[in-house]
Amino acid sequence: MATVPVKVHEPAFSTAVSRVLVCLFEKDVPFDLVNVNIAKGQHTSPDFLKLQPFGQVPAFQDGNVSLFESRSICCYIAEAYADRENKKLYGGDTLHKAFIDQWLEAEGQSFNPPHRSS
């Protein structure tokens, strides 16, 4: 974990970005927002694709750690910053973490199903 704020590459209107921001607020982790202008195609730039190979938001950086996929980012934040606020955000034991993972998966598949190309 870096001593500088983590970075969240975003447009803030993204539901996935909002999910990460809520987790950061819950854990009281300082962060910087890095705007990704979707309208100008910044999400398809080679530099951004190094962070997020699918050209989607969010992308997340914590020092040398780079992640994408909001639910995975939230799990990382909860564990990497376990000593911060809301200490049991990701469960307090193996069983509770499994319950959380179960519902994260169900939510991801039920409310955010894969998109079809038209």
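Residues numbered from 1 in each chain as written. Predicted model: local features only at pLDDT ≥ 70, side-chain atom pairs only at ≥ 80, totals over all residues. Heavy atoms only, no water.

Asker: An account of the pairing of strand S3 (residues 59–62) is requested, with residue identities and associated values reported.
Answerer: Regular strands have side chains that alternate between both faces of the sheet. Every second residue of S3 is oriented toward a common face, with Ala 59 and Gln 61 on one face and Phe 60 and Asp 62 on the other, all of them buried. Where strand S1 (residues 6–10) lies against S3, three bridges are found, and the strand directions are antiparallel. Looking across to S3, one finds that Val 8 is bridged to Phe 60. Linkage of S3 to strand S4 (residues 65–68), two consecutive antiparallel strands, is achieved through a turn of two residues, within which Gly 63 is found at a positive phi near 65 degrees. (Buried < 20%, exposed > 50% of the residue type's maximum accessible area, 1.4 Å probe, protein only. Helix = DSSP H or I, 4+ residues; strand = E, 2+ residues; numbered from the N terminus. Pairing = 2+ DSSP bridges.)

Asker: Just give me the short version of the nonpolar core, but keep the residues and values in it.
Answerer: With 20 residues, the main nonpolar core has Val 8, Val 20, Leu 24, Phe 60 and Ile 77 as its most contacted residues. When contributions to this core are tallied by element, the ones reaching two or more residues are S1, helix H1 (15–27), helix H2 (46–51), S3 and helix H3 (70–80). (Core = buried A, V, L, I, M, F, W, Y, C linked by side-chain atoms within 4.5 Å.)

Asker: So, the packing of aromatic side chains: which residues are in play, and what are the values?
Answerer: All told, the structure shown has three aromatic pairs when counted by the stated rule. Considering the side-chain rings of Phe 25 and Phe 31, the 5.3 Å spacing of their centres and the 85 degrees angle between planes classify their relative orientation as edge-to-face. Between Phe 60 and Tyr 76 the ring centres are 5.8 Å apart and the planes differ by 65 degrees, which places this aromatic pair in the edge-to-face class. On the criterion of sequence distance, the pair formed by Phe 60 in strand S3 and Tyr 76 in helix H3 is long-range, its members being 16 residues apart. Here Phe 60 matches Tyr 76 in class, with each residue buried. (Phe/Tyr/Trp six-rings, centres within 6.5 Å; stacked < 30°, edge-to-face > 60°.)

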